[in-house]
Structure formats: structure tokens, C-alpha cells
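Structural characterization, general
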Amino acid sequence: MIDRRSLLRTGGVLAAVGVVPLAASAPVAAAPEPLAELPTRSPLVEQRADPFITPPTDGMYYMTGSVPEYDRIVVRGASTLDGLASARERTIWRRPATGKMGGYIWAPELHRIDGKWYIYFAAGDKDEPFRIRTYVLESANADPREGGWVLRGQVVTHLDTFTLDATTFAHRGKRYFLWAQNDPAVGSGTNLYIAEMASPLALKTTPVRIATPTMSWEVQGFRVNEGPAVLIRNGRVFVTFSASATDARYCMGLLTADENANLLDARSWTKSPNPIFTTHVPTSQYGPGHNSFTTVGSMDVLVYHARDYRDINGDPLFDPNRHTRVQRLHWNDDGTPSFGVPVGKGGPIVRLATMDGLFVRHYEYRMRVDGNVRELADSQFRFVPGFLGSGTVALQSVNFPDRYVRVDSDAVRIDPFEDSDAYGRAASFVQVRGLADGKAISLNVGADSYLIHDRGRLVVGKPGNDRDARRRATFRPE
């Protein structure tokens, strides 16, 4: 029997017991070609909520976020995203002991504008910590971790009400301000507003409301639209936002406008009917949200916070364990973003593409190949050490991490782990150089049999010297 504790102690590699013989002359095993450098640690940074990581700036990434004490603004920097995990953090501003801005300090964002750094943040007053308004700090230094930050005051909007989670972006020669705010005339909770900026310190135009929490997933616990983040791609302006209470019900929604539209016209914006990023129990990721975006090479990266548990004692706002996490953002064939699920702990994540550009995925736990897989996480896997025998690998499902790709008679499925030799044999493969492309891979099942796709299904076959069959048994990790 396979002892799972032993399996974990040995990194997933055990001596073979009754293993099905593998091809004696199998080609040398090949690892997937390295992808752009993206951290696999989860979380990336502990106890930093509302995370904001800048795009690469002069070879550096800079990060800020809410600290559990809600009393200061911190910045760290590193040349890689992974380096942020251990980077020294600097406190660049601390709340005053009394008066205005002496209350809760929330959700700082760090932006480089016209050669200067700006931090937009929300702050309450000492005697009224929930009298939250938006303020801005400015620095002329090249490195935002240095001192010399100057408080430039409040960013005044059209209403003197609860205001938070401001961001800014440039588009078509104009700079915009985007934030969350309460309007008593609309009701409780917060809406999203946009305005053009006259400068990094002030608005130029009358704010326009572009989103109000009305759908069931936006009003769980509280009526919330907050934490907007902007990504301009594929002819559209996408705005993600967060909704509902800050517990496991917290989730993300999406607004979309055409890149040529008037962004100050509420009619230009369309809200997707369903949340696009939510709690995922199988990966133990709860309440994902308040995101930002950065890049690694040509790869778009989603930055967000989430907890590792559902149940919280007391007010979720004061539970400190919203941790910063990062994962790759994918794109659908129609140019819309594909978020998948919060992936949780584990190693590098890959998708296996066929030579024809289809993707290996599971559907109702059966393995198949499809194009334009909108259920992204169904096509994401981790290569882990095989259950039986050195040199073997297993494919772990990302969205159901207790399940592994397994040969089941004439079908290939993802099935829950079983502590048995039979399961280990059926869920272990030898990864070899691609039969039709040396830069790709093939997965040897035993003797001269391989995983191969046939009319949409992933099955076990013997490609032999048949050129088409060898192509169908070859996969490119992406």
C-alpha cells in the first residue's frame, strides 16, 4: 500500500512495487520549457491585504498594502515578484496621534506619474476611525522606499462621504481617477465612480457613477462595490472590483468598456452578470479580492488577497490573515480575461496544448481536449512526483487538488487520491520528449502506450510510427 505520509516525506517518490513495465527504450525525459518567472509560493506575502504591486519600473517591482494594525503605509521592492516575499519593508508614513487621518489607514496604491511617485490611500479620523476619506502622498525620489514623502492632502470628490480604494490610470492622453464612495441618495454601501484628473492631486470633471451593487453576489453582508483595478487590453478597458462583506463571501466582478468609448459616460460600461473570481473550497482559498495587476515579461499577473480558512471569530475586518497572492491571468479567444480559481498552495501550473492548439482539460472528471476552454481551471495542472517509481510523474488537478489524472480502463479521468498500489500505477506516467516535437512532451503509460487524444477524448493509445498518432500524443506545456 502507498503510505501518503511517506509519499509526502519523500517528495512524492517511492520505490516501485509491482509497477507496470515502462518502455525500455523510452526517450530521455524532458522537463517542460521554463515559463516566465512567476512565483509559485502561496501566499507571496503574509498579512498584507488590498495588495498593490507596480508594473516593472526601472527593473524593480514595488509593493504596498494594508497592514493589520491599519496605522501606517509600507513599501517594499525587489527585482522579481518572488523577491518581494523576503524584501525589507519600509514604513514611509505613519498616521498622526490625533485628529484627521488618525484613524484606520486602508488600501494604499503606489503610482508613478510624470516622474514622481504618488500614494493614494484611505484614512479615518482619530475620534471617528470610520470617517474614511481619500488622501495622497507625493515623493520626488526615484525609489519610493526612501523618505521624503509629502502629504498633499485630501482628494476632494463631489460628496463629503465615506470614500476609499482610489486608483488612477492613463488612457488616450487623459488621466482618470476611479474610486469607491457612498452616496446617501443611492443607499447604503459603496458605488464606483470615475472622473478625469486635472493633476495627480485633483479632479477635473464631475464624477460619474459607473457601478452600483445590485446583484445578489454584490450584497452579501453589505452592499459593496470597491477596490477597482484597471487593465487595458484587446480593444477594451476592463475594471475589476470587489463585492460583498470581507469574509468568505467577498468576490470579484468585472466592468467592460470599449477602448474608444467615452469612459465618463456611464452607458459605456457593462457589468458582467456573474462574479469572475470567488471562494474556492477545494483549494482552501476564501474571500479573494481587492486585486491589482502587474506583468512578468508578456504575461499578465493577477495580484489579490485571500484567506486560508472560512470561519472567522469577530469582525472579518480585524482578522489579520488576508494574505497577498499572485497567479497568472489568462485570456479567452474573444479577448476577455480568464481568471480561473484562486489556486492555493503548490508548484508551477501548466496547461497542456495539443499540436493543433487545443487544451487538455477535464469535464465531469473525464479527460478530453477542447479549444477556447473558458473554465480555465479545468485545463490547469501541476506536474508532481509520480506515486510509484523514481522518474515518474503525476498530473494533479489545480481546481480539485485531491484528484490526479488516472488511467481507468479505456478512459482517462481525474480521480481522488487512493492509498493503493493500483491507484499509484494508474496515476503515474513517464514524461519523455515529444514524439512529434522534441521541445514538447509525451506521457508514457507503459510499454509503447501513451496518452493520446482521439476525437476530443484523451485516451491511451499506441502511436507506433504513425505520424498523425505521434502528433496526437505530443503536448506543449504552456
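Model, not experiment: these values are computed from the prediction.

Topic: the pairing of strand E16 (residues 251–258)
Buried residues dominate E16, accounting for seven of its eight residues. When strand E15 (residues 236–243) meets E16, the two strands line up antiparallel, connected through eight bridges. Bridge pairing links Arg-236 to Asp-258 in E16. Relative to strand E17 (residues 270–271), E16 runs antiparallel, the two sharing two bridges. Pairing of Leu-255 across the sheet is with Lys-271, part of E17.

As for the side chain of Ser-139
When you line up the elements, Ser-139 lands in strand E7 (residues 133–139). Only 3.2 Å separates the side chain of Ser-139 from the backbone nitrogen of Asn-141, close enough to count as a polar contact. Residue contacts for Ser-139: discarding those within four places in its chain leaves Lys-116, Trp-117 and Trp-149.

A closer look at unusual backbone geometry
Excluding glycine, most residues fall at negative phi; most peptide bonds, likewise, are trans. Cis geometry marks the peptide bond from Ser-42 to Pro-43, where omega comes out at 5°. Here Pro-43 lies in the loop between helix H1 (4–9) and strand E1 (49–53). Backbone geometry places Tyr-365, a non-glycine residue, at a positive phi of 70°. Structurally, Tyr-365 is set in the loop between strand E24 (359–363) and strand E25 (366–370). With a phi close to 50°, Arg-455 is a non-glycine residue in the positive phi region. Structurally, Arg-455 can be placed in the loop between strand E32 (449–454) and strand E33 (457–461).

Conventions we followed
Residues numbered from 1 in each chain as written. Predicted model: local features only at pLDDT ≥ 70, side-chain atom pairs only at ≥ 80, totals over all residues. Heavy atoms only, no water. Buried < 20%, exposed > 50% of the residue type's maximum accessible area, 1.4 Å probe, protein only. Helix = DSSP H or I, 4+ residues; strand = E, 2+ residues; numbered from the N terminus. Pairing = 2+ DSSP bridges. Polar contact = N/O pair within 3.5 Å; in protein donor to acceptor, adjacent residues only side chain to side chain. Contact = heavy atoms within 4.5 Å.

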